Amino acid sequence: MAKRAASAADPLPVLAAARRITHDLMDGLAGAHARRAAHGLRRLFDVPGLGLADLSGSLVWSGRPGPDDVVAQLLEEALRNEEPGAGAALRVLPLHVHDEPAGALLVVGDVPANVAREAADLVIQALERGKLEASAEQAAEAELRALRAEMSPHFVYNALTVIASLVRSDPDRARDLMLDFADYTRYSLARHGEYTVVAEEFRAVETYLALQRAVLGERLRVQVRVAPEVLAVAVPYLVLEPLVENAIRHGIEPRSGTGLVQVDGQAEGNHCVITVEDDGVGMAPERAAEILAGKGSDDGVGLANVDRRLRDVYGPWYGLTVETAVGAGTRVIVRVPRFQPGVLP
């Protein structure tokens, strides 16, 4: 027990060891680093042996294992009854993650109950953190799937109708538009990594705009400009096309006459700034705030989704900025760092 007293006097090694154990348990009790976590726990709590078991009863040991017959009996009872057990210099503590059984911790030796409980609490906290991070990743993937699923059936129908009408009168243009449509659907629906580059996002936007010009004809004018120095900037996948789609669907289509959509990408110091602007019907600023908050109708799901993903990746200062007023069009601004650790295409 002297080693534990020394550790208490010098907390830094204890904190470092706890951090390593937490990292090793991120993938759960059956993860690739569970045995390394067991080694770290045994050294940290200075016990002769320590085991980690998942719900199936599969065990990884560090140090001296407990007697096979005693281990099997106490482990089965602990997992079945979800209550601690002890016997023959062995303690078995069931582990609950968010009130659900996750496995058990086994401690060999003459170990006080409070020490064994501390070890179990450390394991539980590590498992809970791993589960929360996994849930966050799943939520991000779900949001990306939601963006992919938002391809407007109305737009698809209109685009294919226009292409079909040109098959005989202008087959070359029909072929070009069909290739554009294939590129658009491939980029929107195919499986991608979490990040891409500005050049690919602008390419997808130009393809989408070519199809929309075919659908809306003279009603739609577009201007696309992007500075060469930002083409290689890594950004979250599908962060730009939903903004352009919203500009056309909710800015240009509802108005009469011709509308203009401008997409611009520039470098401003250490930032890449992309703006999507339309001279359409606009909206009340309060309505824009509701859309970004995910409230109200489903019209702005894409905007809210993009805003949330930007904040998750870059921090709370990097969400969308929306400038708008009724009858004055809408301007959406994306500002991201040109270089961000961990954001790689």
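Residues numbered from 1 in each chain as written. Predicted model: local features only at pLDDT ≥ 70, side-chain atom pairs only at ≥ 80, totals over all residues. Heavy atoms only, no water.

## Topic: the packing of aromatic side chains
Here comes step 1: Scanning all chains against the criterion turns up one aromatic pair.
Here comes step 2: A ring pair is formed by Y314 and Y318, whose centres lie 5.9 Å apart and whose planes are at 55°; its orientation type is tilted. For the pair formed by Y314 and Y318, the shared burial category is buried. (Phe/Tyr/Trp six-rings, centres within 6.5 Å; stacked < 30°, edge-to-face > 60°. Buried < 20%, exposed > 50% of the residue type's maximum accessible area, 1.4 Å probe, protein only.)

## Focus on the environment of M283
Here comes step 1: With respect to the helices and strands, the residue M283 is situated in the loop between strand 10 (271-278) and helix 10 (285-292).
Here comes step 2: C-alpha separation for the pair M283 and G329, spaced 46 residues apart in sequence, amounts to 7.5 Å.
Here comes step 3: In this structure, M283 is in contact with A288, I291, T324, A325, V326 and T330, ignoring residues within four places of it in sequence. (Helix = DSSP H or I, 4+ residues; strand = E, 2+ residues; numbered from the N terminus. Contact = heavy atoms within 4.5 Å.)

## Remarks on the packing of helix 8 (residues 198-216) against helix 9 (residues 241-252)
Here comes step 1: Running from N to C, helix 8 and helix 9 point in directions that differ by 20°, and their axes come no closer than 9 Å. Taken together, the axis directions place helix 8 and helix 9 in an arrangement best described as roughly parallel. The handedness of the crossing between helix 8 and helix 9 is right-handed. On helix 9, the residues touching E201, V205, Y208, L209, Q212 and L216 of helix 8 are E241, V244, E245 and I248.
Here comes step 2: Among the residues making up the contact of helix 8 with helix 9, the classes are represented as six nonpolar, one polar and three charged. (Axes fitted to C-alpha atoms, helices over the stretch in contact; angles between N-to-C directions. Parallel < 35°, antiparallel > 145°, perpendicular 65-115°, else oblique. Left-handed = near helix turned anticlockwise from the far one by under 90°. Nonpolar A, V, L, I, M, F, W, Y, C, P; charged D, E, K, R; others polar.)

## Observations concerning unusual backbone geometry
Here comes step 1: One non-glycine residue, D46, adopts positive backbone phi at about 55°.
Here comes step 2: You can see D46 is positioned in the loop between helix 3 (34-45) and strand 1 (49-54).
Here comes step 3: The backbone of L238 shows a phi angle near 55°, a positive value even though the residue is not glycine.
Here comes step 4: With respect to the helices, strands and loops of the structure, L238 is situated in the loop between strand 8 (234-236) and helix 9.

## Focus on the pairing of strand 10
Here comes step 1: Buried residues dominate strand 10, accounting for six of its eight residues.
Here comes step 2: Here strand 9 (residues 259-268) runs beside strand 10; their pairing, made up of eight bridges, is antiparallel. When the bridges of strand 10 are listed, A267 appears paired with C272.
Here comes step 3: Between the end of strand 9 and the start of strand 10, which pair antiparallel, lie two residues, with G269 showing a positive phi angle near 65°. (Pairing = 2+ DSSP bridges.)

## A look at the nonpolar core
Here comes step 1: One finds L240, L243 and L320 to be the most contacted residues of the largest nonpolar core, which totals 51 residues.
Here comes step 2: The biggest single contributor to this core is helix 8, with eight residues.
Here comes step 3: Judged by nonpolar contacts, the second largest core, of 30 residues, contains L50, L52, L95 and V111. (Core = buried A, V, L, I, M, F, W, Y, C linked by side-chain atoms within 4.5 Å.)

## Topic: the sheet that holds strand 1
Within a beta sheet, neighbouring strands are joined by backbone hydrogen bonds and run either parallel or antiparallel to one another.
Here comes step 1: A sheet is described by the order of its strands in space; here five strands give the open sequence 2-1-5-4-3, paired in antiparallel fashion. In this open sheet, the two edge strands, each paired with only one partner strand, are strand 2 (59-63) and strand 3 (85-86).
Here comes step 2: Two strands pair when backbone bridges link them, and strand 1 and strand 5 (residues 100-108) are joined in this way by six bridges, in the antiparallel orientation. By the bridge assignment, L50 is partnered in strand 5 with V107.
Here comes step 3: In the packing of helix 4 (residues 68-81) onto the sheet, the strands contacted are strand 1, strand 2, strand 3, strand 4 (90-97) and strand 5, and the crossing angle to strand 4 comes to about 30°.

## A look at the pattern of salt bridges
Here comes step 1: Inspection of every chain in the model, using the stated rule, returns 11 salt bridges.
Here comes step 2: Among the ionic pairs, R225 bridges to D264, the shortest N-O distance being 3.4 Å. Separated by 39 residues along the polypeptide, R225 in strand 7 (residues 220-226) and D264 in strand 9 bring together distant segments of the chain.
Here comes step 3: For the salt bridge of R287 with E290, the shortest nitrogen-to-oxygen distance reads 3.6 Å. Of this pair, R287 and E290 both sit in helix 10, three residues apart, roughly one helical turn.
Here comes step 4: It is possible to trace a salt-bridge network through shared partners that takes in E277, E323 and R331. (Salt bridge = Lys/Arg side-chain N within 4 Å of Asp/Glu carboxyl O.)

## A few points about the side chain of T330
Here comes step 1: Position of T330 among the secondary structure elements: in strand 12 (residues 330-337).
Here comes step 2: Looking at T330, its side chain comes within polar contact range of the side chain of T324, at 3.0 Å.
Here comes step 3: Not counting chain neighbours up to four residues away, the residues in contact with T330 comprise V276, E277, D278, G282, M283, V322, E323 and T324. (Polar contact = N/O pair within 3.5 Å; in protein donor to acceptor, adjacent residues only side chain to side chain.)

## Notes on helix 4
Here comes step 1: Its 14 residues place the ends of helix 4 20 Å apart at the C-alpha level, agreeing with the 20 Å of an ideal helix rising 1.5 Å per residue.
Here comes step 2: Taken together, the buried positions of helix 4 are occupied by V70, V71, L74, L75 and A78. In an axial view of helix 4, the angular spread of the buried residues amounts to 115°, which keeps them on one side of the axis. In helix 4, the exposed positions angled more than 90 degrees off the buried face are occupied by D68, D69, E76 and R80.
Here comes step 3: Looking at the buried positions of helix 4, the neighbouring elements they touch are strand 1, strand 2, strand 3, strand 4 and strand 5. (Expected span 1.5 Å × (residues − 1). Arc of directions from axis to C-beta.)

## Quick look at the environment of G57
Here comes step 1: As for its position among the elements, G57 is in the loop between strand 1 and strand 2.
Here comes step 2: Taking C-alpha positions, G57 is 8.7 Å from A72, a pair spaced 15 residues apart along the chain.
Here comes step 3: Not counting the four nearest positions on each side in its chain, G57 is found in contact with L75 and L79.

These results come straight from atomic positions and should not be treated as a statement about function.
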